[in-house]
Amino acid sequence: MTFARIAGTGSYLPENIVTNKDLERRVDTTDQWIRERTGIEQRHIAAEDQSTVDLAEPASRRALEAAGIDASELDLIIVATTTPDKIFPSSACLLQARLGVGGCPAFDVQAVCSGFIYALATAEKFIRSGSSKKALVVGAEVFSRILNWDDRTTCVLFGDGAGAVVLEASEEAGVLSTHLHADGNYADLLQVPCGISHHYEQVKAGQAFVEMRGNEVFKVAVNTLGKIVDETLEATQMSKSDIDWLVPHQANLRIISATAKKLDMPMDQVVVTVNRHGNTSAASIPLALDVAVRDGRIKRGQVLLLEAFGGGFTWGSALIRY
Ligand code: COA
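About the criteria used
Residues numbered from 1 in each chain as written. Predicted model: local features only at pLDDT ≥ 70, side-chain atom pairs only at ≥ 80, totals over all residues. Heavy atoms only, no water. Axes fitted to C-alpha atoms, helices over the stretch in contact; angles between N-to-C directions. Helix = DSSP H or I, 4+ residues; strand = E, 2+ residues; numbered from the N terminus. Parallel < 35°, antiparallel > 145°, perpendicular 65-115°, else oblique. Left-handed = near helix turned anticlockwise from the far one by under 90°. Contact = heavy atoms within 4.5 Å. Nonpolar A, V, L, I, M, F, W, Y, C, P; charged D, E, K, R; others polar. Pairing = 2+ DSSP bridges. UniProt positions renumbered as here; feature names shortened; annotations may be inferred. Domains from an automatic or database assignment. Buried area = accessible area lost by both parts, 1.4 Å probe. Salt bridge = Lys/Arg side-chain N within 4 Å of Asp/Glu carboxyl O.

### A few points about the packing of helix α8 (residues 214-236) against helix α9 (residues 253-262)
And step 1. Across the interface, α8 lies against α9 with an axial gap of 9 Å and an inter-helix angle of 30 degrees. As judged from the angle between their axes, α8 and α9 are roughly parallel. Crossing geometry of α8 relative to α9 is assigned as right-handed. Where α8 approaches α9, its residues Phe218, Ala221, Val222, Leu225, Gly226, Val229 and Asp230 are matched on the opposing element by Arg254, Ile255, Ala258, Thr259 and Lys262.
And step 2. Class assignment for the residues of the contact of α8 with α9 results in seven nonpolar, two polar and three charged.

The structure is reproduced here in structure tokens:
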């Protein structure tokens, strides 16, 4: 049986850091409010001339280097993003050209904050079916471009960044199981309510901004993530104590803590980057994963539970032996 294993990870954050104190000067908020309600202390924000692919490229190069794989060996590229460089071509095609390669399939996946899990699950299926042997899976976002910087209820929450993994075919089990879900009936709770074919006038007016009913999103997220933890453990016949690390989507420390509690997991087994990165949407999980791999916390052979929740609503999980 062929499995998909993570051969290498990489990430990239734009240089510019915006602290909560900086935001106090912009909107009616306080460092204390942001820390207490979300756990966020700072976020990285892309420079005006930096695009999603500009962040995805160095993250991808680092993942390729860690995997010891040349870009020419890739036979699949998937980019999860909500903030693509262009309407078309896809960011995956643009990234492919930046990496100096061509020919293999390259496409974007859009599942907002769950995008990386969706992309990972898709790449894993390509590998398990024998269609691919070496896949680059990226989550990259410049979410700052779709934020209303005068809206304190949203602008304090998000940041920009990119994370990547190289998945390769292996005889040994790496990705143990993936679980994807969506419920479009919740679309109105978290959205940018306009686009190219709907309320385009808002886009033209530069008013394409994230709108969120935060409190309602919070409740559904906690409940749903609790359920997907059960679903993942049941599917793999594993118990809570088999998991070495929780690598959650980084939206809010309170949501992360609730999931850890559900797993009876102490917070020192949870990779937390939301304090330094904010919510980087599709980039948040591969960013957190790369941080903990590079600082030596996550070691080969350990079991990782990745989980995410985002606009759509979408949600998903992946259980991985690293
Ligand atoms: N600074 C200060 N006050 C703020 C504020 C800010 N940045 N943002 C909102 N407030 C105020 C609200 O206006 C409200 O004031 P009111 O009581 O006078 O009306 C009060 O704080 C409480 O707002 P509420 O929205 O109920 O707070 P909350 O405890 O739910 O926290 C979030 C808000 C957004 C942090 C929280 O709901 C959340 O994290 N939701 C999930 C968001 C998420 O994860 N989204 C992405 C999913 S991928």
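### Section: the sheet that holds strand β13 (residues 314-321)
And step 1. One open sheet accounts for four strands, arranged β8-β13-β12-β11; its pairing is mixed. This sheet does not close on itself; its edge strands, each paired only once, are β8 (175-182) and β11 (245-248). Within this sheet the neighbouring strands show an average axis-to-axis angle of 10 degrees, counted without direction.
And step 2. The pairing of strand β12 (residues 303-310) with β13 spans eight bridges and is classified as antiparallel. Residue pairing across strands places Leu306 opposite Ala318, the latter belonging to β13.
And step 3. Strands in contact with helix α5 (residues 115-128) are β8, β12 and β13; relative to β8, the strand with the most contacts, it is inclined by about 130 degrees.

### Some remarks on the packing of helix α3 (residues 52-67) against helix α4 (residues 91-98)
How two helices pack is summed up by the angle between their axes together with the distance between the axes.
And step 1. Their axes nearest at 10 Å, the elements α3 and α4 cross at an angle of 55 degrees. Classified by the angle between their axes, α3 and α4 sit oblique to one another. Where α3 crosses over α4, the handedness of that crossing is right-handed. Judged by residue contacts, Val53, Asp54, Ala56, Glu57, Ser60 and Arg61 of α3 engage Ser91, Leu94, Leu95 and Arg98 from α4.
And step 2. Its residues assigned to classes, the contact of α3 with α4 comprises four nonpolar, two polar and four charged.

### With respect to the UniProt feature "domain: Beta-ketoacyl-[acyl-carrier-protein] synthase III N-terminal" (unreviewed entry) in the chain
And step 1. According to UniProt, the feature "domain: Beta-ketoacyl-[acyl-carrier-protein] synthase III N-terminal" (unreviewed entry) maps to residues 107-184 in the numbering used here.
And step 2. End-to-end, the C-alpha atoms of residues 107-184 are 22 Å apart, and along that stretch the chain is 23% helix and 37% strand.

### Quick word on the domain arrangement of the chain
And step 1. Looking at the assigned domains, one finds that the chain contains domain 1 (3-171) and domain 2 (176-321).
And step 2. Computed over C-alpha atoms, the centres of domain 1 and domain 2 are 14 Å apart.
And step 3. Contact with domain 1, which involves 54 residues of that partner, is made by 46 residues of domain 2.
And step 4. Contact between domain 1 and domain 2 buries roughly 3,700 Å² in total, counting both sides, with carbon and sulfur atoms accounting for 63%.
And step 5. When the buried surface of domain 1 facing domain 2 is broken down by residue, Cys113, Ile117 and Tyr118 rank first, second and third, together holding 17% of it.
And step 6. One can count zero salt bridges joining domain 1 with domain 2.
And step 7. Elements represented by at least two residues in the side of domain 1 that touches domain 2 include exactly β1 (3-12), α2 (31-38), β3 (42-44), α3, α5, β6 (134-141), α6 (152-155) and β7 (161-170).

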